[in-house]
Every structure is written in C-alpha cells, then in structure tokens.
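Remarks on the overall topology
These are the residues of each chain, in order.
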Amino acid sequence: MFYCDECRKKKGWPEGLRGSRGRCEVCGDGAVCHDVPSHAIPLPKPVPCKTCGEPTTMMGTKLCDGCWEVESRLEKYLESEKGREHVVRRLKECDAVFKW
Ligand SMILES: [Zn+2]
Ligand SMILES: [Zn+2]
C-alpha cells in the first residue's frame, strides 16, 4: 500500500518507509508517500449491510457487494418491461413463500 501523509493522518494508518515518490493509492496525489505492506494496515471494522445485515467494510454506502450491485442496477433494470415482469413474478413467488 502506498499513501501520502495526508491520507495516513486521515485514516490513522501506520507510518512506513517514507521518501518513496509515487502516486498515493488513496487520493491519487503524486506526493512523497509512505510505502507500507497492506497487511500492516488495520482493516476498517465491518458494519452490518443496511439491506441484508451481512458485515461489510463499505463505509460510504453501508451496503455489501451483493446488495450494492443489485440496488445500483435496479432502477435501470426496472426501466425495461421484461425486467419489471421478472421482478413482479419473483415478488409473487416470495409472496407465496413468506406470506407478506
Ligand atoms: Zn493521499
Ligand atoms: Zn447486503
């Protein structure tokens, strides 16, 4: 992992070998960066996905990969008639199973 001092402070990441010049992997700045092995960086604590409750480290969206995929595509998907038919059919099947 390669990051500048600004990003290091923001994330609370450890200091590494300083003085390597390159592009910060976080903000893309071409500053003097810390070169730190990825395993030395503490992973963010997972939070429950706001849709399905699975743990996720996507702090911005608070959605797991799966839910994000579906939810970011759903609007577009529903624009097609076949897509809507498919969703309605699936919802009816869920209806039968979950008795909403
Ligand atoms: Zn940076
Ligand atoms: Zn989810």
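First, a word on what this report is: a plain description of the structure on this page. In this convention, every chain numbers its residues from 1, walking through the sequence in written order. By the order in which they are written, chains take letters starting at A while ligands take numbers starting at 1. Only residues with pLDDT of 70 or above have their local features reported here, since the model is predicted, and side-chain atom pairs are shown and tallied only from 80 upward, although totals for entire chains, interfaces and linings are computed over all residues. Side-chain figures throughout are based on the complete set of non-hydrogen atoms in the structure, without hydrogens or water.

Focus: the overall build of the chain
Worth spelling out the cut-off: Only DSSP runs of H or I with at least four residues qualify as helices, and only runs of E with at least two residues qualify as strands; both kinds are numbered from the N terminus onward. With C-alpha atoms as the basis for the radius of gyration, the globule rule is written as 2.2 Å multiplied by the number of residues raised to the power 0.38. Each residue's exposure class comes from its accessible area (1.4 Å probe, protein chains only) as a fraction of the maximum for that residue type: buried when under 20%, exposed when over 50%, partly exposed otherwise. Contacts: residue pairs with any heavy atoms within 4.5 Å of one another. Exposure was quantified through the Shrake-Rupley algorithm and a 1.4 Å probe, taking into account, for residues, occlusion by the shown protein chains and nothing else. Under the convention used here, Asp and Glu are negative, Lys and Arg are positive, and both His and the chain ends fall outside the count. To locate a charge, the coordinates of NZ of Lys, CZ of Arg, CG of Asp or CD of Glu are taken.
Scanning the chain for helices and strands turns up 3 helices and 5 strands. When the helices and strands of the chain are read in sequence order from the N terminus, they spell out β-α-β-β-β-β-α-α. Computed over its C-alpha atoms, the radius of gyration of the chain comes to 21 Å, more than 25% above the 13 Å expected for a compact globule of 100 residues. With respect to the principal axes defined by its C-alpha atoms, the chain has extents near 60 × 25 × 20 Å. With 100 residues in all, the chain has 20% of them scored as buried. A separation threshold of at least 6 residues defines the contact pool for the chain, and within that pool the share at least 24 residues apart is 22%. Carbon and sulfur atoms form 57% of the exposed surface of the chain, whose accessible area is close to 7,700 Å². Of the charged side chains in the chain, 18 are positive and 16 negative; the average position of the first set lies 2 Å away from that of the second.

A word on helix H2 (residues 65–78)
Note the threshold: For a helix, the expected span equals 1.5 Å multiplied by the residue count minus one. Note that the bend at a residue is defined as the angle between axes fitted to the seven residues ending at it and the seven residues starting at it.
In this model, H2 (14 residues) spans 20 Å end to end at C-alpha, consistent with the 20 Å of a helix rising 1.5 Å per residue. Where H2 bends most, the angle comes to about 30°, and this point is Ser72.

Section: the coordination of the zinc ion (ligand 1)
To keep it simple, the criterion reads: Only nitrogen, oxygen and sulfur atoms qualify as donors, provided they sit within 2.8 Å of the metal or within 3.2 Å for Na, K and Ca; with water excluded from the atoms, sites may seem incomplete. Geometry is assigned from donor-metal-donor angles: four donors are tetrahedral when every angle falls between 85 and 135 degrees, four are square planar and six octahedral when opposite donors sit over 155 degrees apart with all other angles between 65 and 115, and any other arrangement is irregular.
Within the protein, the atoms that donate to the zinc ion (ligand 1) are Cys4 (SG), Cys7 (SG), Cys24 (SG) and Cys27 (SG), at distances of 2.2 to 2.3 Å. Around the zinc ion (ligand 1), the 4 donor atoms are arranged such that angles at the metal cover 104 to 117°; this shape is classified as tetrahedral. Motif for the zinc ion (ligand 1), donor spacing along one chain: C-x2-C-x16-C-x2-C. Taking the relative accessible area as the measure of exposure, Cys27 reaches 41% and is therefore partly exposed.

Re the coordination of the zinc ion (ligand 2)
For the zinc ion (ligand 2), the full set of protein donor atoms is Cys49 (SG), Cys52 (SG), Cys64 (SG) and Cys67 (SG), at a range of 2.2 to 2.3 Å. One way to put it: the 4 donor atoms around the zinc ion (ligand 2) meet at angles of 104 to 117°, and that makes the site tetrahedral. Binding-site remark: the zinc ion (ligand 2) is held by donors from one chain whose sequence spacing is C-x2-C-x11-C-x2-C. Residue Cys52 is found in the loop between strand E4 (47–48) and strand E5 (55–56), and its partner Cys64 is found in the loop between E5 and H2; the two are separated by 12 residues along the sequence. With a relative accessible area of 13%, Cys64 lands in the buried category.

Here we look at the environment of Ala40
Checked against the element boundaries, Ala40 lands in the loop between strand E3 (32–35) and E4. Its relative accessible area of 36% is what places Ala40 among the partly exposed residues. Remark: the alpha-carbon pair of Ala40 and Pro14, spanning 26 residues in sequence, is separated by 7.6 Å.

A few points about the nonpolar core
Side chains that are nonpolar tend, in soluble globular proteins, to be buried together. Spelled out, the test is: For this analysis, a nonpolar core means a set of buried residues of the types Ala, Val, Leu, Ile, Met, Phe, Trp, Tyr and Cys, connected via side-chain atoms within 4.5 Å.
Among the nonpolar cores identified, the biggest contains 9 residues, and these are Phe2, Tyr3, Cys4, Cys7, Trp13, Cys24, Cys33, Val36 and Ile41. Element by element, the count of residues in this core is highest for strand E1 (residues 2–4), at 3 residues.

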